[in-house]
Amino acid sequence: MTQEFELAASLARGVEGRSGAWGFIQGFAAHWAEALESGDGWTEADLDAAEERLGVRLPVALREAYLLFGRRRDLTSNHDVLLGPAELYVDDAKEALVFRDENQGAASWGILLDNLQDDDPAVFIRPDLADKSAERWEEWLERLSLCFVEIVLSESLRSGEELCDFLDPDDDSIGLLEENAVRLPFPAYPISEEEHTVRWFLGQDVLLRDDDGMAILARGRTAEDLDRVRDLIPGDWLNDYR
């Protein structure tokens, strides 16, 4: 961890509610990317126009996030895509307001229309299946502000080969991860899954995500930090050209 920004402690506050979430994102941006500035968010007029076009009320948490950092694609859209106010849409089934799409259209994230009156509503995910009759909105995270924390963390793992890497783990990899990194205080998700969940860890200035033992993704603050975790968790790291 760094002296300037205690990621784990800030994240613990960030999972408690909206103000903590926005504080975490501001701190994370300042110390792991670039500090937030005025102009990094959309305007009230942009959001008002979206509400008028859609005929719905945007939840408070969605407005706050978009106003604070909604235009910062490096924080929100390195892989999957956070939709701009003019791109928000209601799904064909008229069940949810969609605010994020998977980069190849394999899934969408949304807020159920019945929950739009909540300040910080739950977030659902809908996979794009060949059998459309089998598609359902499935629980993802219990609060929208928590989802935005997850978005910023996950998108940081896709911020370039110099700082990011991917490991297809073997039988020893998860044990080494747990031995050499600290589990972060972020709830296991998606909450619709009882067995297959995502976990977050922090090494020495390296952020790591365990996708239920199927993949380990890493993001170092520096290339040297990333090399350190590659050595601690040996394997066929995708971007390790040493």
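This section reports on the structure supplied with the text. All chains use their own residue numbering, which begins from 1 and follows the written sequence. Per-residue local features are limited, in this predicted model, to residues with pLDDT of at least 70; the limit for side-chain atom pairs, both in listing and counting, is 80 or more; totals at the level of whole chains, interfaces and linings are taken over all residues. Values reported for side chains reflect all heavy atoms of the structure, with hydrogen atoms and water molecules removed beforehand.

### Description of the nonpolar core
For soluble globular proteins, nonpolar side chains are generally found buried alongside one another.
Right, on to step 1. Ranked by size, the top nonpolar core spans 59 residues in total, and within it Phe99 and Phe148 carry the most contacts.
Right, on to step 2. Residue contributions to this core peak at eight residues, all from helix H6 (residues 144-156).
Right, on to step 3. When checking whether two residues touch, look at their non-hydrogen atoms; a contact exists if any pair is within 4.5 Å. Sequence-distant contacts of Phe148, that is, excluding residues within four places in its chain, are made with Trp22, Ile25, Leu62, Ala65, Tyr66, Phe69 and Leu82.
Right, on to step 4. As used in this record, nonpolar core signifies buried Ala, Val, Leu, Ile, Met, Phe, Trp, Tyr and Cys residues forming a set joined through side-chain atoms within 4.5 Å. For every residue, the accessible area (1.4 Å probe, protein chains only) is compared with the maximum for its type, and the residue is labelled buried under 20%, exposed over 50%, or partly exposed between those bounds. Ile174, Ala181, Val206 and Val229 belong to the second-largest nonpolar core, a separate cluster that totals 13 residues. A run of H or I in DSSP becomes a helix once it reaches four residues, and a run of E becomes a strand once it reaches two; helices and strands are each numbered from the N terminus.

### Quick word on the state of the cysteines
Right, on to step 1. The term disulfide is used for any two cysteine sulfur atoms that are within 2.5 Å. In total, this model carries zero disulfides according to the counting rule given.
Right, on to step 2. Note on Cys147: no disulfide assigned, nearest cysteine sulfur contributed by Cys164 at a separation of 19 Å.

### Describing unusual backbone geometry
Right, on to step 1. Backbone torsion omega between Tyr189 and Pro190 reads 0°, so that peptide bond is classified as cis.
Right, on to step 2. When you line up the elements, Pro190 lands in the loop between strand E8 (182-183) and strand E9 (198-202).
Right, on to step 3. Of note in this structure, Asp205 is not a glycine but carries a positive phi near 60°.
Right, on to step 4. One can find Asp205 in the loop between E9 and strand E10 (206-211).

### Things to note about the packing of helix H1 (residues 7-14) against helix H2 (residues 18-32)
Right, on to step 1. The N-to-C vectors of H1 and H2 enclose an angle of 155°; their axes lie 7 Å apart at closest approach. Regarding the angle of H1 to H2, the classification is roughly antiparallel. On H2, the residues touching Leu7, Ser10, Leu11, Arg13 and Gly14 of H1 are Gly20, Ala21, Gly23, Phe24, Phe28 and Trp32.
Right, on to step 2. Charged means Asp, Glu, Lys or Arg here, nonpolar means Ala, Val, Leu, Ile, Met, Phe, Trp, Tyr, Cys or Pro, and polar covers whatever is left, Gly included. Each residue belonging to the contact of H1 with H2 can be placed in one class, and the counts come to six nonpolar, four polar and one charged. For helices, the fitted axis covers only the stretch in contact; all axes are lines through C-alpha atoms, and the angles between them, taken along N-to-C directions, range from 0 to 180 degrees. When describing relative orientation, an angle under 35 degrees is termed roughly parallel and one over 145 degrees roughly antiparallel, while 65 to 115 degrees is termed roughly perpendicular and anything else oblique.

### Digging into the packing of aromatic side chains
Right, on to step 1. Here a pair means two rings of Phe, Tyr or Trp (six-membered ring of Trp) with centres within 6.5 Å. Their orientation is stacked below 30 degrees between planes, edge-to-face above 60, and tilted elsewhere. Throughout the structure, instances matching the rule amount to 11 aromatic pairs.
Right, on to step 2. When the centroid spacing of 6.0 Å and the interplanar angle of 35° are considered together, the rings of Phe99 and Phe148 count as tilted. Highlighted residues: Phe99 in strand E3 (residues 96-101) and Phe148 in helix H6, separated in sequence by 49 residues. Like Phe99, the residue Phe148 is buried in the burial classification.
Right, on to step 3. Put simply, a charge is over a ring when the Lys NZ or the Arg CZ is close to the ring centre, within 6 Å, and near the line of the ring normal, within 35 degrees. Over the aromatic face of Trp42 sits the side chain of Arg71, whose NZ or CZ is 4.6 Å from the ring centroid.
Right, on to step 4. The residue whose ring lies beneath Arg100 is Trp109, and the NZ or CZ to ring-centre distance is 4.3 Å.

### Focus: the side chain of Ser145
Right, on to step 1. As for its placement among the helices and strands, Ser145 is situated in helix H6.
Right, on to step 2. Those residues in contact with Ser145 that lie beyond four places of it in its chain are Gly17, Arg18, Ala21, Trp22, Ala61 and Asp120.

### Overview of the environment of Asn180
Right, on to step 1. Along the chain, the position of Asn180 falls in helix H7 (residues 173-180).
Right, on to step 2. Taking relative accessible area as the criterion, Asn180 reaches 30% and is therefore assigned partly exposed.
Right, on to step 3. Taking C-alpha positions, Asn180 is 43 Å from Thr43, a pair spaced 137 residues apart along the chain.
Right, on to step 4. Ignoring any residue separated from it by four or fewer positions in sequence, one finds Asn180 in contact with Gly203 and Leu232.

No statement about biological role is implied by the geometric values presented.
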